[in-house]
Every structure is written in structure tokens, then in C-alpha cells.
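Single-letter residue listing:
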Amino acid sequence: MSAHTNTGAVAPPAKGKPVTLSSLAEKKALGEPIAMITAYDYPSAQVAEEAGVDVVLVGDSAAMTVLGYPSTVPVSVDEMLMLSAAVRRGLRTPLMVGDLPFGSYEVSDEQAVATAQRFVKEAGCDAVKLERGGSSVERARAIVDAGIPVMGHVGLTPQTATALGGYRSQGRTAERALEVATDALALEQAGCFAIVFEAIPSDVTDLTMPRLEVPVIGIGAGPATDGQVLVFHDLLGIYDGHAARFVKRYADVRAEMVRGVHAFADDVRARRYPEPEHGYTMAPDEVARLAELLGEEDSANEQFSGEWTL
Ligand code: KIV
């Protein structure tokens, strides 16, 4: 696990055994499900660490969940690196994967390797993820050849959602499903250590899984995958509005956050906060001395302003 980088993105020492590519492969072999979530900052990384997930993805979903962009397309490499470095500082044990943003790897193998290297060197990522088959297969191979582990991502690939007809499930015809399966097999051949299947029918997953040796992590791809991933903000309910069909909410954190901030604002306006226990005290003789010193200051200032008004 790459714990040291040249930008201060240093992982705290692992408490348990850090998750590695081999331990993920072992989990698949043993039929033990892999739990993966996204994280985008120091506190969410600490939550992932404490909850004991296996893999943390600094997803480009950050574009929407924490940066407020309308899609994942606009997020930049520098923005993703800043978020990834913060996650690194909060994470010890799970494998940390950085998502290569749209436009940062498609142009050439050189561009893909250079961007992936930044995620490892500057943000301390253990691996990177890229989307799609097609030309991404060669980019994945180039990054793997450069010594950086790569996770693939097929099915609904949000970076190219427009070309796919929008944010909708993929592989619902046999031909399109074959494309998804072929992309997955090609990414495995290129050396990807794991592949995300997003928003595809369970039947497509069931028919493809036996043909793949690497772990498959599903999100809206049915129960047969080797693991499942959900977006941190979706599973905890830290968002407003519509969620995808595959999202299961395990908490309602946004409502709790609004409730807390509301209660604080109410207390401030009603002068119920702060209470004595929220303040600091001073010894009574120091208070008396301060009053005396301020008195001396006051008379000096009166004298001074008097000189000017003369
Ligand atoms: O960016 C992201 O959060 C993802 C997951 C949905 C797999 O790619």
C-alpha cells in the first residue's frame, strides 16, 4: 500500500491488515463478498475505515455529491487529487482507488499513464479506475504496464452517459449485453484487477460472471457479483432529490444535519447558546486586575484624545 507521497498525503498506520489485490482475489476465491463504498474527504474516509469496508473509491461522483456539478464530466484532475489526498489521510486499511476523470486518460496511453501516476504519487492512491471498453482497454493496459493497478467499469458509464442515451440501465438487448460482456473480458485481458458492473440486468451479470476470473463489483447489477458498491451520499441519505433504483438508503443523515443546524440557529436567536459550560473562566483576582488595567488605558486614551481636540 502506498502510504507516502510528496504532497503530505500520508496514510495513518494500518490497524488491521491492509487490503491488497491478492486479498481481494482471495475473497473472490473463497466466495466472501467484497464491500466497497465511495469517499471524498477525511471524515468520510475515517467512517469507511471504522466501518471496515474492503475498498474505498474516490469516485468522480464527487463532481455531483460534493462539488455540485450537474454531472461527472466537468470535474478536473486537480479537484480529484485534492479530494483523494484528503481521503488518503483518513484511510489505513481499505484498498484506495482513485477515479480518473473524464478527459484525463482517453487521448493517449501517455496521457493515461501520466494521469494515473499523479493519483499514485500526489494523492497516495493504491489503484485507479477508468470507464468503458473500446479505447479504454488499451489505456488500462498501458497503466497496468506502468505498474499501477487498474479497476475497469462497464455497463452504465456516467462519463459517457450522453452517448449511451442518458443515465439509464445498459445491456437490455442481447447485442448491447454482449458488448458489455466483451468490454469486461477485454479489460480483464488488459490486466485490470477488478471490474465494476453498473446498472445492467442481473441476467447479464449471471451469464458474464462465470467467464471472468477477476472480482466484479456491482452497482445495480444484481446479487451475483463478487461485491457491491454504493455512493457514500446515497447510502447515507446525504442528498436531496431522486436516487437511482439500485440505491438502498441505510440512514437519513441529511435530515439529521438539517435538524442539528436548525436547532443551533434557533438557540442562537433565542440566546440559549452558549451556556456557561461552553465558555472559559478566569480567576477573580485576574478579572479585577484586568478591570484596573483597562481603567488605566481608558484614562490614558481620554488624555490623548483631549490633546487632539485642543
Ligand atoms: O464515481 C463513482 O462513484 C463510481 C461508482 C458508482 C462505481 O464510479
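Details of the structure are given in the entry above.
Calculation rules
Each residue is numbered by its place in its chain's sequence as written, counting from 1. In keeping with the predicted nature of the model, local features appear solely for residues at pLDDT of at least 70, side-chain atom pairs appear and are counted solely at 80 or more, and the whole-chain, interface and lining totals rest on all residues. Processing note: side-chain calculations cover all non-hydrogen atoms of the structure and skip hydrogens and water entirely. The way it works is that DSSP assigns letters per residue, a run of H or I at least four long becomes a helix, a run of E at least two long becomes a strand, and they are numbered from the N terminus. Each radius of gyration reported is based on C-alpha atoms, and the globular scaling rule is 2.2 Å times the count of residues to the power 0.38. Buried, partly exposed and exposed residues are distinguished by accessible area as a fraction of the type maximum, computed with a 1.4 Å probe on protein chains only: under 20%, between the cut-offs, and over 50%, respectively. Contact criterion: two residues are considered in contact whenever any of their non-hydrogen atoms come within 4.5 Å of each other. Asp and Glu count as negative and Lys and Arg as positive, but His and the ends of the chain are not part of the count. Throughout, a charge is located at the NZ atom of Lys, the CZ atom of Arg, the CG atom of Asp or the CD atom of Glu. What counts as a salt bridge is simple: a side-chain nitrogen of Lys or Arg found within 4 Å of a carboxyl oxygen of Asp or Glu.

**Let's talk about the overall build of the chain**
Part 1 of the argument: A count of helices and strands for the chain gives 11 helices and 8 strands.
Part 2 of the argument: For a compact globule of 310 residues, the expected C-alpha radius of gyration is about 19 Å, and the chain comes in at 26 Å, more than 25% above that figure.
Part 3 of the argument: With respect to the principal axes defined by its C-alpha atoms, the chain has extents near 95 × 40 × 40 Å.
Part 4 of the argument: Counting all 310 residues of the chain, 43% fall into the buried class.
Part 5 of the argument: The contacts of the chain with a sequence gap of at least 6 include a subset with a gap of at least 24, amounting to 59%.
Part 6 of the argument: Across the chain, the centroid of the 26 positively charged side chains sits 7 Å from that of the 43 negatively charged ones.

**What to know about unusual backbone geometry**
Part 1 of the argument: Residues tyrosine 273 and proline 274 are joined by a peptide bond in cis, for which omega reads 0°.
Part 2 of the argument: As for its position among the elements, proline 274 is in the loop between α10 (253–269) and α11 (284–309).
Part 3 of the argument: With a phi close to 80°, arginine 132 is a non-glycine residue in the positive phi region.
Part 4 of the argument: Secondary-structure assignment places arginine 132 in the loop between β4 (127–129) and α6 (135–145).
Part 5 of the argument: Positive phi is not limited to glycine here, since arginine 271 has a value of about 55°.
Part 6 of the argument: By the element assignment, arginine 271 lies in the loop between α10 and α11.

**Observations regarding the pattern of salt bridges**
Between side chains of opposite charge, a pair can form when the charged atoms approach closely.
Part 1 of the argument: Overall, the coordinates contain 16 salt bridges when judged by the stated rule.
Part 2 of the argument: Across the pair aspartate 99 and lysine 129 runs a salt bridge, and its minimum N-O distance is 3.0 Å. On the criterion of sequence distance, the pair formed by aspartate 99 in strand β3 (residues 95–99) and lysine 129 in strand β4 is long-range, its members being 30 residues apart.
Part 3 of the argument: Of the residues examined, aspartate 99 reaches a relative accessible area of 1% and is grouped as buried.
Part 4 of the argument: Between arginine 259 and glutamate 256 there is a salt bridge whose closest N-O contact spans 3.2 Å. Within this pair, arginine 259 and its partner glutamate 256 are both found in helix α10, separated by 3 residues, close to a single helical turn.
Part 5 of the argument: The class of glutamate 256 is partly exposed, set by a relative accessible area of 46%.
Part 6 of the argument: Residues joined by salt bridges that share partners form a network here, namely Lys27, Glu32 and Asp54.

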